[in-house]
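Breakdown of the fold
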Amino acid sequence: RVPPSRGNMTSFLDTVRVGEAVAAPSELHTIDGQQSIAAALRKLEMYKVLSLPVVTTTRSSSKYLGTVSAADILLHLLFSEQFISALEELEKEKLSIKDFGHDIDDILQKPVKSLLGQRPESKLLFLVGPGAPLSTVVGHFAQGVHRVLVGTRSEAPSKHRLFSQSDAVRYLRRHLTHELVAPTARLTLEELGLAAAPQTMVTVSANDTALKAFQTLMSTRWTRKSSFNSTADDKCVWDLSALPVLDSKSRVVGTVSQSDLRGMAAENLHELLLPVLSFCEKRAGKKKPDTHHQVTVTPETTIGESISKVVDRRVHRAWIVDDGRLAGVLSLTDILSRFSTVDFSYLSYYQRSRL
């Protein structure tokens, strides 16, 4: 089958206003850039969120500086000699957990604004009006951004709302039978060109510690041209957001992702020494193996069915399995790219080069 023209899909996205797709309003939690990394960890844990907009506040106004996420904090720690040295001492039982906390305390007292820019997305925070078409937001997602703020400049930051790639895909799920959505939704991943295996597969072993798994995840990066800068030759470096965890027979037995950092706090950073699946289970509050993250599809699965699986299981990706072997990954960005005429051309390079 020949994929339908995306011109019709763009007209669908253009008719949907962002405000219509935003979930029920909830309070937006922010953090002042002068507050410490430890304070950011406490807020992330308290509100069970993965990121916080960073603001600078004066008596009369607040200004956004960017966003800080659990991944930003962990990246800062994972490549800190002081932090890694303290973890190694703890693993050798030369340090107690209490002494480990004392050893890394000065790292956590740095201002949270010092983390902005170490990952490209931390400096990219877009404010989109509720009356803007959904295609505008998808355009930002096409550049590697995972979330935007919805609101107006005249509103206080507390009135703004976060809108993520997950929100956009959930909205698509509710409209899979729409006459402009259904023709694409019925196509298989193979027909849409989403099932081609990458040249290099980056994975982690079920025997790895969470520390090693996250070091692999956060040191695996890829480069593409940036459309945020006027210089055509400028590049942006982007991180992977998840990796498959494989057993000794190369079967997918779990996923390690930035979402597994939800609930991390200064008091439990030592848990990075746990086996990766044990760490993920503990973060999820589960005692049994976490099958929640093991969502799989095949090249013959339709993209509509894939959307339903991802949304129903509340995950951000599905692993593509062919003849029982890992063949690729279907991300939220992949899904949105097939329902938009926005330029997602960088994805083809990313998909070919590495997973």
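Only a predicted model underlies this, so the values are computations on that prediction, with no experimental measurement involved.

1. Regarding the overall build of the protein chain
Broken down by element type, the protein chain carries 14 helices and 14 strands. Looking at the 355 residues of the protein chain, the share that counts as buried comes to 52%. For the protein chain, long-range pairs separated by at least 24 residues make up 64% of all intrachain contacts whose partners lie at least 6 apart in sequence. Total accessible area on the protein chain stands at roughly 16,800 Å², and carbon and sulfur atoms take up 48% of it.

2. Some points on the packing of helix α8 (residues 165–174) against helix α12 (residues 303–312)
Remark: α8 packs on α12, axes separated minimally by 10 Å, with the N-to-C direction vectors making an angle of 125°. With respect to α12, the element α8 is oriented oblique. In terms of crossing hand, the pair formed by α8 and α12 is left-handed. Along its contact with α8, which presents V169, R170 and R173, the element α12 presents I307, S308, V311 and D312. Grouping the amino acids of the contact of α8 with α12 by side-chain chemistry returns three nonpolar, one polar and three charged.

3. Observations concerning a negative patch on the surface
Together, D99, D103, D105 and D106 line one region of the surface with negative charge. Considering the arrangement of structural elements, one finds D99 in helix α6 (residues 97–108).

4. Some details on the sheet that holds strand β13 (residues 317–322)
The sheet built from three strands is open, its strands ordered β12-β13-β14 with mixed pairing. The sheet is open, and its two edges are formed by β12 (296–297) and β14 (325–331), each paired on a single side. Alignment of β13 against β14, held across six bridges, turns out to be antiparallel. Directly across from D322, in β14, lies its bridge partner R325.

5. Quick look at the confidence of the model for the protein chain
Low pLDDT means the predicted coordinates in that region are not meant to be read closely. When pLDDT is averaged along the protein chain, the result is 82; 84% of the residues meet or exceed 70. Scored below 50 in pLDDT, residues 223–237 shows 28 contacts in the model against residues more than four places distant or in partner chains. Under a pLDDT of 50 for its full length, residues 347–355 has, in the predicted model, 28 contacts with residues more than four places off or in other chains.

6. Notes on the pairing of strand β11 (residues 252–257)
Along a regular strand, successive side chains alternate from one face of the sheet to the other. Taking burial as the measure, the six residues of β11 include five buried ones, the bulk of the element. Summarising the sheet, strand β10 (residues 242–246) and β11 pair through five bridges and their orientation is antiparallel. Within β11, the residue paired with V245 across the bridge is G254. From the end of β10 to the start of β11, which pair antiparallel, there are five residues, and S250 there has a positive phi angle of about 60°.

7. Focus on the sheet that holds strand β6 (residues 161–164)
Strand order in the open sheet made by the three strands is β4-β5-β6, with mixed pairing throughout. Two strands lie at the open edges of the sheet, namely β4 (127–128) and β6, each paired on one side alone. Here strand β5 (residues 147–150) pairs with β6 via four bridges, running antiparallel. Residue pairing in the sheet places R147 in a bridge with S164 of β6.

8. Describing the packing of helix α5 (residues 81–91) against α6
Two elements in contact, α5 and α6, have axes separated by 9 Å at closest approach and are oriented at 175°. In this view, α5 runs roughly antiparallel relative to α6, as classed from their interaxial angle. The residues of α6 that touch α5, namely those facing Q82, F83, A86, L87 and L90, are I97, F100, D103, I104, D106 and I107. Tallied by class, residues from the contact of α5 with α6 come to eight nonpolar, one polar and two charged.

9. Some remarks on unusual backbone geometry
If you check the backbone angles, S250 has positive phi at about 60° while not being a glycine. Among the secondary structure elements, S250 is positioned in the loop between β10 and β11. Positive phi, close to 55°, is recorded for R314, a residue that is not glycine. With respect to the helices, strands and loops of the structure, R314 is situated in the loop between α12 and β13.

Basis of the calculations
- Residues numbered from 1 in each chain as written.
- Predicted model: local features only at pLDDT ≥ 70, side-chain atom pairs only at ≥ 80, totals over all residues.
- Heavy atoms only, no water.
- Helix = DSSP H or I, 4+ residues; strand = E, 2+ residues; numbered from the N terminus.
- Buried < 20%, exposed > 50% of the residue type's maximum accessible area, 1.4 Å probe, protein only.
- Contact = heavy atoms within 4.5 Å.
- Areas by Shrake-Rupley, 256 points an atom, 1.4 Å probe, with all protein chains shown as cover.
- Axes fitted to C-alpha atoms, helices over the stretch in contact; angles between N-to-C directions.
- Parallel < 35°, antiparallel > 145°, perpendicular 65-115°, else oblique.
- Left-handed = near helix turned anticlockwise from the far one by under 90°.
- Nonpolar A, V, L, I, M, F, W, Y, C, P; charged D, E, K, R; others polar.
- Patch = residues over 30% accessible without salt bridge, like charges linked within 9 Å, V, L, I, M, F, W, Y side chains within 5 Å.
- Salt bridge = Lys/Arg side-chain N within 4 Å of Asp/Glu carboxyl O.
- Lys, Arg positive; Asp, Glu negative; His and termini not counted.
- Charge placed at Lys NZ, Arg CZ, Asp CG, Glu CD.
- Pairing = 2+ DSSP bridges.
- pLDDT = per-residue confidence, 0-100.

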